[in-house]
Amino acid sequence: MTETEHLRRQQFLDALAGALIEEDDIWQIETSSDGTAVVARADDPDGAVVALIEAGSLDEAVTVDDVLRVESLATRVGAAALDGRPASFMCSRREPAEGAMQAAYLRNMRILHVRSIGADTWGRDVAVLSHQRFTQPHDAPVLDEREWQALHDGSDRAVFHDREQNPIATFAGLRAELVWHEETEVASWGSAWGSGQFEMPAGTVMIVPGQPPVPVTGVTLRFHKEIRPLRAASEPGAFADLATVWLWG
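Residues numbered from 1 in each chain as written. Predicted model: local features only at pLDDT ≥ 70, side-chain atom pairs only at ≥ 80, totals over all residues. Heavy atoms only, no water.

Peer 1: Can you tell me about the nonpolar core, naming the residues and giving the values?
Peer 2: Among the nonpolar cores identified, the biggest contains 50 residues, and L16, F160 and L174 are the most heavily contacted of them. Considering every element that reaches this core, the biggest residue donor is helix α6 (residues 235-248), with seven residues. V39, V70, V77 and A103 belong to the second-largest nonpolar core, a separate cluster that totals 16 residues. (Core = buried A, V, L, I, M, F, W, Y, C linked by side-chain atoms within 4.5 Å. Buried < 20%, exposed > 50% of the residue type's maximum accessible area, 1.4 Å probe, protein only. Helix = DSSP H or I, 4+ residues; strand = E, 2+ residues; numbered from the N terminus.)

Peer 1: How would you summarise the sheet that holds strand β2 (residues 37-44) if you had to cite specific residues and measurements?
Peer 2: Two strands in a sheet stick together by hydrogen bonds in their backbones, pointing the same way (parallel) or opposite ways (antiparallel). Pairing within the open sheet is mixed, and its five strands lie in the order β1-β2-β3-β4-β5. Edge positions in the sheet fall to β1 (28-31) and β5 (109-112), since each of these pairs with one other strand and no more. Adjacent strand axes in the sheet meet at a mean angle of 20° when their direction is disregarded. Pairing geometry for strand β3 (residues 47-54) and strand β4 (residues 88-91), over three bridges, is parallel. Pairing of E54 across the sheet is with M90, part of β4. The sheet contacts of helix α1 (residues 3-23) involve β1, β2, β3 and β4, and relative to β2 the element is tilted by about 15°. (Pairing = 2+ DSSP bridges. Axes fitted to C-alpha atoms, helices over the stretch in contact; angles between N-to-C directions. Contact = heavy atoms within 4.5 Å.)

Peer 1: For the sheet that holds strand β11 (residues 205-207), give the residues involved together with the corresponding values.
Peer 2: Across the sheet, which stays open at both edges, the four strands sit in the order β9-β8-β11-β12 with antiparallel pairing between neighbours. Looking at which strands have only one partner, the edges of the open sheet turn out to be β9 (167-170) and β12 (214-215). Pairing geometry for strand β8 (residues 159-161) and β11, over three bridges, is antiparallel. Each residue of the ladder has a partner; that of F160, found in β11, is M206.

Note that all results are geometric; they support no functional claim without further evidence.
What follows is the structure, given as structure tokens:
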């Protein structure tokens, strides 16, 4: 990295940190030891929150290797949020490389991407769900129509756990941010349709409140994309705004 590139990234991180504090002055801000990220710490009545917002791939497509690098950094700084929410974020101006989005979700991390939608106006892509399908192992118990309907009705609150019972993803998270695959079919109002499929590790179970755990091997979602505005009037502020959405809901 050239000195100019390093300076630009530092300016971006400084502006992002300022936007976080302007949004909520509970944060204590520091820069990670490698100079690629902001570490924001806050004491909440329900517990401490440590958010890592990384910009090492700001002008590049995030790769799976980048996700693994940031996961290691998040472990070192003790990134943690409340209620199983993500606490580790990667800012990028480009669409992620193949496999990176899924790698991030399986580690409860998020790749943040914002776009300009007008003068001093920024937005984010949101998936509007139209269809969902869960695949199961061949030896999984057979569910009747009523049981499947109950699972689908409560899927917005579904959490996926690995075989060690650790939460690895939420249905809401998978739905909210997907790699967009443009397809030939277009809705009558002009929004492009797409689909996303997430393969789950062996032994994954889906837990919907009030329902028994269900083993799943994958989730397929069909959606159309909408661009929704963020409150911030600058790019660093937009990234901070989006991270705040994920941290606090």
